[in-house]
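# Overview (structure and organization)
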Amino acid sequence: PLTAPSELVLFGSYLSKQFPPSLGVPEVAFLGRSNVGKSSLLNRLVNKAGGETARVGKTPGATASVNLYALLSASSKGGSGEGKPILGFADLPGFGYAKLSKEIKESVEEAAERYLGRRRELALGILLVDSRRVPSADDRAVLAALFDMGVPIVVVATKSDKLNANEIEPAMKSIREGLGLPDGQPLRVSGVTGEGVRELWRIILDACET
Ligand code: GDP
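Residues numbered from 1 in each chain as written. Predicted model: local features only at pLDDT ≥ 70, side-chain atom pairs only at ≥ 80, totals over all residues.

### Let's talk about the environment of Ser136
Relative to the helices and strands, Ser136 resides in the loop between strand E5 (122-130) and helix H3 (137-148). Note: C-alpha distance between Ser136 and Glu195 (59 residues apart in sequence) is 24 Å. (Helix = DSSP H or I, 4+ residues; strand = E, 2+ residues; numbered from the N terminus.)

### A short note on the environment of Leu179
Relative to the assigned elements, Leu179 resides in helix H4 (residues 165-179). On a C-alpha basis, the gap between Leu179 and Ala141 in space is 9.6 Å, while along the polypeptide they are 38 residues apart. If sequence neighbours within four positions are ignored, Leu179 has contacts with Pro135, Asp139, Arg140, Leu143 and Val155. (Contact = placed C-beta atoms within 7 Å.)

### Some points on the pairing of E5
Extensive coverage of E5 is indicated by the burial of nine of its nine residues. Where strand E2 (residues 27-31) lies against E5, five bridges are found, and the strand directions are parallel. Residue pairing in the sheet places Glu27 in a bridge with Leu122 of E5. Note: E5 against strand E6 (residues 153-158), six bridges, orientation parallel. Counterpart to Gly125 in the pairing with E6 is Ile153. As a crossover connection, the stretch from E5 through H3 into E6 is right-handed. (Buried ≥ 20, exposed ≤ 12 C-beta atoms within 10 Å, placed from the backbone. Pairing = 2+ DSSP bridges. Right-handed = clockwise from strand over helix to strand, strands pointing away.)

### Quick look at unusual backbone geometry
For the bond from Gln185 to Pro186, the omega torsion is 0°, close enough to zero to count as cis. Within the element layout of this structure, Pro186 appears in the loop between H4 and strand E7 (187-188). Backbone geometry places Lys159, a non-glycine residue, at a positive phi of 60°. On the basis of neighbour counts, which here come to 24 C-beta atoms within 10 Å, the residue Lys159 falls in the buried class.

### Digging into the site of the ligand
Close to the ligand lie 15 residues, the nearest being Gly37, Lys38, Ser39, Ser40 and Gly191. Per-element tally for the shell around the ligand: the top contributor is helix H1 (residues 38-50), with three residues. Looking at the shell around the ligand residue by residue, the classes come out as two nonpolar, nine polar and four charged. (Near = placed C-beta within 6 Å. Nonpolar A, V, L, I, M, F, W, Y, C, P; charged D, E, K, R; others polar.)

### Focus: the confidence of the model for the protein
In low-pLDDT regions, the fine details of the predicted coordinates are not to be read closely. When pLDDT is averaged across the protein, the result is 80; 73% of the residues are at 70 or more. Here residues 1-15 scores under 50 on pLDDT; set against residues more than four positions off or in separate chains, the count is 54 contacts. Segment residues 49-54 is flagged for pLDDT under 50; beyond a separation of four residues in sequence, or across chains, it makes 15 contacts in the model. (pLDDT = per-residue confidence, 0-100.)

### Considerations on the pairing of E6
Summarising the sheet, E6 and E7 pair through two bridges and their orientation is parallel. Residue Val156 lies in a different strand from E7, and its bridge partner there is Leu187. Taking the sense of rotation as the criterion, the β-α-β connection linking E6, H4 and E7 turns out right-handed.

### Structural notes on the environment of Leu87
Looking at the element boundaries, Leu87 is found in strand E4 (residues 85-91). In the structure, Leu87 is positioned 17 residues away from Ala70 in sequence and 6.1 Å away in space, judged by C-alpha atoms.

### Some remarks on H4
Look at H4: 22 Å from first C-alpha to last across 15 residues, which is about the 21 Å you get at 1.5 Å a residue. Taken as a whole, H4 has its buried residues at Ala171, Met172 and Ile175. Across the axial projection of H4, the buried residues extend over an arc of 100°, all falling on one side. Summarising the geometry of H4, the exposed residues directed more than 90 degrees from the buried face are Asn166, Glu169, Pro170, Lys173 and Glu177. Once H4 ends, the next one or two residues include Gly180, with phi positive near 65°. (Expected span 1.5 Å × (residues − 1). Arc of directions from axis to C-beta.)

### A word on H3
Taking 1.5 Å of rise per residue, the 12 residues of H3 would be expected to cover 16 Å, and the 16 Å separating its terminal C-alpha atoms lies within 8% of that figure. When H3 is considered as a whole, its buried residues turn out to be Asp139, Val142 and Leu143. Summarising the axial view, the buried residues of H3 lie within an arc of 95°, below the 170-degree limit, and thus occupy one face. The exposed set on the far side of H3, more than 90 degrees from its buried face, consists of Ala137 and Asp148. Elements that come into contact with the buried residues of H3 comprise E2, E5, E6 and H4. Positive backbone phi, at 75°, marks Gly150, one or two positions downstream of H3.

Here you go:
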C-alpha cells in the first residue's frame, strides 16, 4: 500500500521524446493549457508532502515531451540516493492545446496520446482548468479524448484564491456545466494558499491504490 503524502519527495524528471521508462509504480498524469498553474500545483503537492523545496521547473524542450517525475518515500532519503519510487507524476505539457507550431504540436500530441492510451501504470488523469475562465473547446476536447481512452479523470480548478466568496460558486458552476462534470467537480485548488491540496492527495492515493 502507498505511504502517506508526508513521506513523498520529488526525485527527478525524465525528459525524452521516447516513451518514458516504467517506474513500476502507479502514475498520475497532469494536463492543462500553459499558464494554468500546473507547475505551481505540482510544487505545492510535492513540497507540502515532503517538506522540502523541490522545484518542478520549466525545462527547455519540456514542451515537446512527456515529463515523468518519480516520488520516493522519504525514508529512502539519505541512503544511496536511489530510493524506491512509490508514485509517478507525468506532466503532459501542451496536450490538446494549440499555441505550438503545427509540427511540434503533432509530436507532443503523439507522445501524449501514446502515453495516455498505452501506459499501464496510469491510474488517474488530472485536468487543470483556470477557475476564472469558461472552459475552452480545447478543454472539452482533452476531456473527451481521456474519456475515449478510458482514463479515469478528475478536473481541478486552479488559482481558486483569485476568486472572492461571491465569485466562487458561479465560476465552479460554469466549469461544471461547460465540461459536463458530476456534482463535486471541479475540485478547487490553489498553489498559493494550498486549498484543495489535501483533497487532491486523497483522490490521487485512492486512484493509485485500486
Ligand atoms: P503552468 O504554465 O501551468 O506551469 O503555470 P505556472 O504554475 O507557472 O503559473 C502561471 C502563473 O500563474 C504564474 O505567474 C503563477 O505565479 C500564477 N499562479 C499559479 N498558480 C496560482 C495560484 O494558485 N494562485 C495564484 N494567485 N496564482 C497562481
